[in-house]
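Breakdown of the fold
Chain by chain, the residues run as shown.
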Amino acid sequence: IGPAWRERHPAWALEERLLLAQVPTVTAISRQALVTGRPPADLESLTSGAAEAAGWRAFWQGEDFAEEVVRYERLALARQEASVEVLEARFAAGCLVDSSIDDLVHGSTLGAAQLQGSLRRWLDDYSPALEALIDRLLGAGVSVTVASDHGHVEASGVGRPNEGILADARALRCRVYSDGAQAQR
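All values reported here derive from a predicted model rather than from experimental measurement.

Turning to helix 3 (residues 52-62), a few remarks are in order. Among the residues of helix 3, Glu 52, Ala 53, Gly 55 and Trp 56 are the ones counted as buried. Taken end-on, helix 3 shows its buried residues confined to a sector of 165°, consistent with a single buried face. The inward-facing, buried residues of helix 3 contact helix 2 (27-36), strand 1 (70-74) and strand 2 (93-97). Looking one or two places after helix 3, you find Asp 64, whose phi comes out positive at around 70°.

Attention shifts here to the side chain of Arg 31. For Arg 31, the location among the structural elements is in helix 2. One polar contact links Arg 31 to Glu 52, side chain to side chain, over a distance of 3.0 Å.

Here we come to the packing of helix 5 (residues 100-107) against helix 6 (residues 112-125). Relative to each other, helix 5 and helix 6 sit at 150°, their axes nearing to 9 Å. Judged by the angle between their axes, helix 5 and helix 6 are roughly antiparallel. In this structure, the crossing between helix 5 and helix 6 has a hand that is right-handed. Contacts between helix 5 and helix 6 pair Ser 100, Ile 101, Leu 104, Val 105 and Gly 107 from the former with Gln 114, Leu 115, Ser 118, Leu 119 and Trp 122 from the latter. The class makeup of the residues in the contact of helix 5 with helix 6 is six nonpolar, four polar and no charged.

About the thresholds
Residues numbered from 1 in each chain as written. Predicted model: local features only at pLDDT ≥ 70, side-chain atom pairs only at ≥ 80, totals over all residues. Heavy atoms only, no water. Buried < 20%, exposed > 50% of the residue type's maximum accessible area, 1.4 Å probe, protein only. Helix = DSSP H or I, 4+ residues; strand = E, 2+ residues; numbered from the N terminus. Arc of directions from axis to C-beta. Contact = heavy atoms within 4.5 Å. Polar contact = N/O pair within 3.5 Å; in protein donor to acceptor, adjacent residues only side chain to side chain. Axes fitted to C-alpha atoms, helices over the stretch in contact; angles between N-to-C directions. Parallel < 35°, antiparallel > 145°, perpendicular 65-115°, else oblique. Left-handed = near helix turned anticlockwise from the far one by under 90°. Nonpolar A, V, L, I, M, F, W, Y, C, P; charged D, E, K, R; others polar.

Shown next as structure tokens:
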């Protein structure tokens, strides 16, 4: 994405930084931690991201931002344009969530080759709408940070442990247990 955006938008000041996650995780946990500024152990839920918007607002209100200048919005630019408030940049702290890359990663059952092909298609077909939104925000004087809640590493799994109802949440990458002793077993 970086090389394509640099070529298309030479005026953008793109800077990339990597952060190491605390534990292998799932989007419901990692994105909540990212938008709320709280470590996973302090989140209300480890299985649902339903509290993301409230967590984002609570964080910025804790930083003395008025409620009306804090925005959280899920984008679906492939289906619809962003809301007027986003397009007119009527916020001081905005979190715009676009799950399209996450969907590509999770839909890539054939590994890195499929993901790379899907990403090329995303850059051609979907990314221009996101780039136009970013350009519009930058033109309105908004500082834009694009962040990913987790990366992608192709790996060979060990199968699906048959745990019945012991795990509170299951994904192919991790398990969430409410009982520490059970997790150790």
